[in-house]
Amino acid sequence: MADGDARQLSGVPSAPYDPPEFLSDVPGSYPWRVLHERHPALIEKVRAATPYDIRVNRALDLLLEEIEGVMEPLEGSAHDRDLWESWDRGHIGRRWDDAPFLWAESYFYRKLLSAVGYFGPGAWQGVDPFEPFKQAELSGEAVDEELRELDALAALPPGERAQTLTLRALWGNRADLVFRVAAGPELAGRESGLVADDSELLWSLIGGERAGVPDVPGLSVVSDVPGVPGASGVSGARGPSGASGPSGAPDDEADRGVAGRAGVARICLVADNAGSELLPDLVLIDHLLHARGTGEVVLHVKPLPYYVSDATPADVLACLRRMSAAGGEAGEVAGRLRAALGSGRLLVRAHAFSCAPLPYREMPVGMREDFASASLTIMKGDLNYRRLVGDRAWPHTTPFAEATAYFPGPVAALRTLKSEVAVGLDGDVVKALEATGRPWLTTGAHGLIQARP
Ligand SMILES: O=P(O)(O)OC[C@@]1(O)O[C@H](CO)[C@@H](O)[C@@H]1O
């Protein structure tokens, strides 16, 4: 779970045709409201949830003031100051409103952690300011109900089970505490639908057994042979044999387990929220390992509390405990996942770049190699989607494959729409959504499943 190569950027240039990035400088716009309404509300909720001392409360007051003006640098002693300077694109020292939305939002969360003393020294070191919200959600009755439903799910025919697990992992993305804690009741009901559905392609990329969907030979096989998806066309990419030299070695080389065996599919799942989103993600992972013959799954989580409910390693453990305590099929799943962690078939990574304010196009070499050697990377959630395609005003009909062409291997997105970026939509679908006259991009009411080989 180290982050040693976080500053080693891959050097992949931006495409010259990229549309403009979303900024936060238009009063009343979605990004502006996040920065000027949600973030102050979140600061107050964080303050109310934990009995912080006067120092923390003063620091939170200062942050409240700061976000109305200029982005100040991190404290001189900050352990990650150099890292953030390497991620800076000239925004520190300028107005928050003038930075790209993605950059400003991410920097806010970093600064919030400083303000609550997360990096210490002191009593609040390592105390997750969002833990009270995460804990309340995870222990709620809705989660009991969802875990109980797993008993019936286990009996479904394979094809139906696969589709149900995909949809649960997708709609689990509604469980975003940014919305619940700081945004009021904006989240729409569950009944509305998918605006793009590449689930057939997704499952063909996953491979293995599934009734009704023919397996595509070769796509589920991770290989270091050029030309096999996941390994080709990537400078310095190496296959799962793990044979790269020290300069190209990923941060957690020692973690590589069964993917080193030829012919074994390896899937990366880049998690988003903890609790009710991570639970179905873990169930999906269990299905891949237990029922689909996936050799290895790499679960990427955040190294730090971030965007309120984003999953950290501690949240993975909390979910496992919750499932074990629930018993039934949930308990079985937890037991299998614990065994997979022990045997190395399930790896958890918490890379520093997972909290970077930058798109995946700029990911560092180690992370790039990780995704390059996967037969499929599944990106969960809105923030990962923004980082995957770029947080830009893309025409919504831009092909998903075009916006993700730089990505070093097959990639899929499972996301509910909670910000203004969207690609890969059918023109008629966009027209129909626009014709409703209601907001559809930012409410979480709609979801998408997109994939490209
Ligand atoms: O990644 P998630 O959890 O699906 O969504 C997080 C998110 O919706 O929160 C912000 C709004 O506060 C958005 O900018 C952002 O994309």
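Residues numbered from 1 in each chain as written. Predicted model: local features only at pLDDT ≥ 70, side-chain atom pairs only at ≥ 80, totals over all residues. Heavy atoms only, no water.

In the annotation of an unreviewed UniProt entry, the entry for the chain reads ARMT1-like domain-containing protein, and the organism field reads Streptosporangium vulgare. For the record of the chain, the UniProt heading Sequence similarities (unreviewed entry) holds the text "Belongs to the damage-control phosphatase family. Sugar phosphate phosphatase III subfamily." In its Cofactor (unreviewed entry) section, the UniProt entry covering the chain states "Mn(2+)". (UniProt positions renumbered as here; feature names shortened; annotations may be inferred.)

### Quick word on the domain arrangement of the chain
Each assigned domain of the chain is listed with its residue range as follows: domain 1 (30-129) and domain 2 (133-452). With 24 residues of domain 1 at the contact, the number on the domain 2 side is 29 residues. At the junction of domain 1 with domain 2, the criterion picks out three salt bridges. Across the domain 1-domain 2 interface, the total number found is seven residue pairs in polar contact (both at pLDDT 80 or more). Its residues assigned to classes, the side of domain 1 that touches domain 2 comprises 17 nonpolar, one polar and six charged. (Domains from an automatic or database assignment. Contact = heavy atoms within 4.5 Å. Salt bridge = Lys/Arg side-chain N within 4 Å of Asp/Glu carboxyl O. Polar contact = N/O pair within 3.5 Å; in protein donor to acceptor, adjacent residues only side chain to side chain. Nonpolar A, V, L, I, M, F, W, Y, C, P; charged D, E, K, R; others polar.)

### Let's talk about the side chain of serine 106
One can find serine 106 in helix 4 (residues 101-115). Within the structure, the side chain of serine 106 is placed 3.1 Å from the side chain of tyrosine 307, a separation counted as a polar contact. (Helix = DSSP H or I, 4+ residues; strand = E, 2+ residues; numbered from the N terminus.)

### With respect to the packing of aromatic side chains
Across all of its chains, the model carries 18 aromatic pairs by this definition. Seen from their ring centres, tyrosine 52 and tryptophan 124 are 4.8 Å apart, and the 70° between their planes marks the pair as edge-to-face. Taken together, the positions of tyrosine 52 in the loop between helix 1 (30-49) and helix 2 (54-66) and tryptophan 124 in the loop between helix 4 and helix 5 (131-138) put the pair 72 residues apart, joining distant regions of the chain. Among the residues examined, tyrosine 52 registers a relative accessible area of 8% and is labelled buried. On the basis of an interplanar angle of 55° and a centroid distance of 6.4 Å, the ring pair of phenylalanine 353 and tyrosine 360 is categorised as tilted. The same class applies to phenylalanine 353 as to tyrosine 360, namely buried. Members of the aromatic cluster, each reached through a chain of ring pairs, are Trp84, Trp87, Trp96, Trp103, Tyr107, Phe353, Tyr360, Phe371, Tyr406 and Phe407. The ring of tyrosine 360 is capped by arginine 387, whose NZ or CZ atom sits 4.5 Å from the centre of that ring. (Phe/Tyr/Trp six-rings, centres within 6.5 Å; stacked < 30°, edge-to-face > 60°. Buried < 20%, exposed > 50% of the residue type's maximum accessible area, 1.4 Å probe, protein only. Lys NZ or Arg CZ within 6 Å of the ring centre and 35° of its normal.)

### Some words on the site of the ligand
In the vicinity of the ligand, 16 residues are found, and the nearest of them are Arg38, Asp382, Leu383, Arg386 and Lys418. Glutamate 105 is positioned such that a nitrogen or oxygen atom in its side chain is 3.1 Å from an oxygen atom of the ligand. A distance of 2.6 Å separates an oxygen atom of the ligand from a polar atom in the side chain of arginine 386. The fraction of the free accessible surface of the ligand (390 Å²) that becomes covered by protein chains is 100%. Taken together, the residues of the shell around the ligand break down into six nonpolar, three polar and seven charged. Residue contributions to the shell around the ligand reach at least three from each of two domains, namely domain 1 (30-129) and domain 2 (133-452). (Near = heavy atom within 4 Å. Areas by Shrake-Rupley, 256 points an atom, 1.4 Å probe, with all protein chains shown as cover.)

### A short note on the sheet that holds strand 5 (residues 376-380)
What the seven strands build is an open sheet, ordered 1-7-6-5-2-3-4; its pairing is mixed. Every other strand in the sheet has two partners, leaving strand 1 (194-197) and strand 4 (346-349) as the edge strands with one partner each. The sheet shows a mean angle of 15° between the axes of neighbouring strands, direction not considered. In the sheet, strand 2 (residues 266-270) pairs with strand 5 via four bridges, with the strands oriented parallel. (Pairing = 2+ DSSP bridges. Axes fitted to C-alpha atoms, helices over the stretch in contact; angles between N-to-C directions.)

### Section: helix 5
Within the sequence span of helix 5, burial applies to Phe133, Lys134, Glu137 and Leu138. Taken end-on, helix 5 shows its buried residues confined to a sector of 125°, consistent with a single buried face. (Arc of directions from axis to C-beta.)

### A word on the environment of tyrosine 30
Among the secondary structure elements, tyrosine 30 is positioned in helix 1. Assessed through its relative accessible area of 7%, tyrosine 30 is described here as buried. Separated by 412 residues in the primary sequence, tyrosine 30 and threonine 442 have C-alpha atoms spaced 8.1 Å apart. Side chain to side chain, tyrosine 30 and arginine 38 meet in a polar contact 3.4 Å long.

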